[in-house]
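Chain and residue survey
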Amino acid sequence: MLLSEEWGALASVSASKHLPVDGTSCFNDMKFYTFEPVSFVPFEPKLIDLNLLSVKQKEFLNRFNVKARNTVGIELQKQGRERGLRWLLSRTEHIPVNDCRNHSPGGIEPCHFMILCLVASLVFW
C-alpha cells in the first residue's frame, strides 16, 4: 500500500511512503505503524524556509537526506554519474538543527549577544 505525505512547510515533491511489516512506534500507550520512504527525490532546499521548521522537522529532513545519499548517491557513484552525484549532494546538505540564526530576524544573533554579555561582565568585573 502506498501513501502520500503532504507537509505544509515543504513546498516540494511529496515523499511517497509505504508501511513496513515490522515498523511500529508507541505514543500515549497506543501502537502505530511507522512509514519508510519509497522514493528518494530530495526536497528543493531553495523552497524551504528553515525559520518555519521545528527541530523535529529539521531532524526528519536530515535523516531523509542521509538516506537519499546512502541509496541514490551510492548508485550514482557506481554508475560514474558525477554530475548527478554533485547535484544530489548539493540538494541533501546537512541542515543545522539548533542554529542560533534561526531565532533572530534581524540585528544581533542571540548566541552572539550572550557571548558579548559574558565578555563584558568579565571585562568590567
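Attention in this report is confined to the structure presented alongside it. From a predicted model like this one, the values you see are computed outputs, not experimental measurements. (Residues numbered from 1 in each chain as written. Predicted model: local features only at pLDDT ≥ 70, side-chain atom pairs only at ≥ 80, totals over all residues. Heavy atoms only, no water.)

1. Observations concerning the packing of aromatic side chains
Summed over the entire model, instances satisfying the criterion amount to three aromatic pairs. Relative to F64, the ring of F60 has its centre 6.3 Å away and its plane inclined at 25°; by these criteria the two rings are stacked. Residue F60 and its partner F64 are both found in helix α1 (residues 55-78); the two are separated by four residues, about one turn of the helix. Taken individually, F60 and F64 each receive the classification buried, so the pair is uniform in this respect. Among the aromatic residues, those joined into a ring-pair cluster are F40, F43, F60 and F64. (Phe/Tyr/Trp six-rings, centres within 6.5 Å; stacked < 30°, edge-to-face > 60°. Helix = DSSP H or I, 4+ residues; strand = E, 2+ residues; numbered from the N terminus. Buried < 20%, exposed > 50% of the residue type's maximum accessible area, 1.4 Å probe, protein only.)

2. Things to note about the pattern of salt bridges
Enumeration according to the criterion identifies one salt bridge in this entry. For E44, the salt bridge goes to R91, with nearest N and O atoms at 3.0 Å. Placement of the pair is E44 in the loop between β5 (36-37) and α1 and R91 in helix α2 (residues 82-91), with a sequence separation of 47 residues. Residue R91 is classed as partly exposed on the basis of its relative accessible area, which comes to 22%. (Salt bridge = Lys/Arg side-chain N within 4 Å of Asp/Glu carboxyl O.)

3. Some thoughts on α1
Given a rise of 1.5 Å per residue, 24 residues ought to cover 34 Å, and the 34 Å separating the end C-alpha atoms of α1 matches this to within 8%. Note on α1: the residue one or two positions beyond its end, G80, has a positive phi of about 75°. (Expected span 1.5 Å × (residues − 1).)

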